[in-house]
Amino acid sequence: MTGLRVLAVDDEQPALEDVAYLLRADPRIGEVLTARDGAAALKLLDRAMAEGRPVDAVFLDIRMRGLDGVVLGRLLAQFTRPPKIVFVTAYEDHAVDAFELKAEDYLLKPVRPERLAEAIRRVCGSRTEPETGSQADTIPVELGGVTRFVASTEVRYVEARGDYARLHTATGSHLVRIPLAALEERWATAGFVRVHRSHLVALRHIDELRIDSGRCVVRIGDTEIPVSRRHTRELRDLLVRRARKAGPR
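Keep in mind it's a predicted model, so treat the numbers as computed, not measured.

A.B. asks: Looking at this structure, I do not really get the overall build of the protein chain. What am I missing?
C.D. replies: Helices and strands together make up the secondary structure of the protein chain, namely seven helices and 15 strands. For the protein chain, buried positions account for 47% of its 249 residues. Considering only residue pairs separated by 6 or more positions, the protein chain has 54% of its internal contacts joining residues 24 or more positions apart. In the form shown here, the protein chain has an accessible surface area of approximately 13,500 Å², with 49% of it arising from carbon and sulfur atoms.

See the structure below:
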């Protein structure tokens, strides 16, 4: 695989130069293009595609004059072959936008070299993996002022909390500002299924399905989760089909 061709976009020249310098210092990067605003970035991307040398990833500031990073990210998502997006920002309040746009990472300024290296690793990984519906997705969570990305494969089940959702993993839980319905739609092909109006579960983490006196529950670790009557048959059929595919152990 040749080095990545990337575009850094920031309307502040010092910040743009810093990110471009760090990108060029990474051996996985083949070429770094730069743009001072969203309009210039779009022109560069259009020219790159016309030349048959599309950009692999865009390292994108969010709050810019004119076309801001979120709007530009939505435009990029409509490309036939959209580049991967890494947000680089001084603000923490756009993590939900990053999730909705399927950004590879979300870096806070000033950018630390090790965090940029991790973002490049994510871009490289998504570039080499086949694009399938079961590919691990990620969602940004806030931990003590640091934005971390939790993979869908780590999540055992999700609880609705109004316009928020609580993700439960083996090591803890995280409250994110994303409705359960949005996660249900996005993770439908990643092995998640709605079992109750307030619960979404990962099929691979279900340890037991129990029906007692017409009441159905699933057990995930030490937690029992209710299954509504209308979801019971569908869930049972899914688990049976999954068991058949797995075969004897």
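A.B. asks: Is there a simple way to think about the sheet that holds strand S10 (residues 173-176) in this case?
C.D. replies: Pairing between the strands of a sheet is mediated by backbone hydrogen bonds and can be parallel or antiparallel. The strand order across the open sheet formed by five strands is S10-S9-S8-S12-S11, and the pairing between neighbours is antiparallel. Of all strands in the sheet, those with a lone pairing partner are S10 and strand S11 (192-196), marking the two edges. For this sheet, the mean angle separating the axes of adjacent strands, direction not counted, is 20°. Bridge count between S11 and strand S12 (residues 199-202): four bridges; the pairing is antiparallel. Across the sheet, the residue bridging to Arg194 is Leu200, located in S12.

A.B. asks: Hey, could you run me through the environment of Arg121 in this one?
C.D. replies: With respect to the secondary-structure elements, Arg121 resides in helix H5 (residues 113-128). Sequence separation between Arg121 and Arg28 is 93 residues, and the spatial gap between their C-alpha atoms is 8.6 Å.

A.B. asks: Before we go on, may I ask you to explain the pattern of salt bridges in this structure?
C.D. replies: Where side chains of opposite charge bring their charged atoms close, a pairing between them can arise. By the definition in use, this model includes 17 salt bridges. Among the salt bridges present, the one from Arg122 reaches Glu118, with a minimum N-O distance of 3.5 Å. Note that Arg122 and Glu118 are positioned in helix H5 at a spacing of four residues, about one turn of the helix. Using a relative accessible area of 18% as the deciding quantity, one classes Arg122 as buried. In this structure, the salt-bridge partner of Glu224 is Arg210, at a minimum N-O distance of 2.6 Å. In this pair, Glu224 is assigned in strand S15 (residues 223-227) and Arg210 in strand S13 (residues 208-212), connecting sequence segments 14 residues apart. For Arg210, a relative accessible area of 32% gives the class partly exposed. Here the salt bridges do not stand alone but share partners, grouping Asp105, Arg115, Glu118, Arg121 and Arg122 into one network.

A.B. asks: Quick question: what am I supposed to make of the nonpolar core here?
C.D. replies: Where a protein is soluble and globular, its nonpolar side chains tend to be buried together. Counting 25 residues, the largest nonpolar core has Leu7, Val9, Val58, Leu60, Leu76 and Phe87 as its most contacted members. Breaking this core down by element, the ones donating at least two residues are strand S1 (4-9), strand S2 (29-35), helix H2 (38-50), strand S3 (57-60), helix H3 (69-76) and strand S4 (84-89). In terms of residue count, H2 provides more of this core than any other element does, five residues in total. One finds Leu4, Leu116, Ala119 and Ile120 within the second-largest nonpolar core, a separate group that totals 20 residues.

A.B. asks: What exactly am I supposed to notice about the packing of H2 against H3 here?
C.D. replies: Angle between the axes and distance between the axes: these two values describe a pair of packed helices. Taken N-terminus to C-terminus, the directions of H2 and H3 make an angle of 20°; their axes are 10 Å apart at the nearest point. Considered as vectors, H2 and H3 are oriented roughly parallel to each other. For the pair H2 and H3, the sense of crossing is right-handed. Contacts between H2 and H3 pair Gly38, Ala41, Leu42 and Leu45 from the former with Leu72, Leu75 and Leu76 from the latter.

What counts and how
Residues numbered from 1 in each chain as written. Predicted model: local features only at pLDDT ≥ 70, side-chain atom pairs only at ≥ 80, totals over all residues. Heavy atoms only, no water. Helix = DSSP H or I, 4+ residues; strand = E, 2+ residues; numbered from the N terminus. Buried < 20%, exposed > 50% of the residue type's maximum accessible area, 1.4 Å probe, protein only. Contact = heavy atoms within 4.5 Å. Areas by Shrake-Rupley, 256 points an atom, 1.4 Å probe, with all protein chains shown as cover. Pairing = 2+ DSSP bridges. Axes fitted to C-alpha atoms, helices over the stretch in contact; angles between N-to-C directions. Salt bridge = Lys/Arg side-chain N within 4 Å of Asp/Glu carboxyl O. Core = buried A, V, L, I, M, F, W, Y, C linked by side-chain atoms within 4.5 Å. Parallel < 35°, antiparallel > 145°, perpendicular 65-115°, else oblique. Left-handed = near helix turned anticlockwise from the far one by under 90°.

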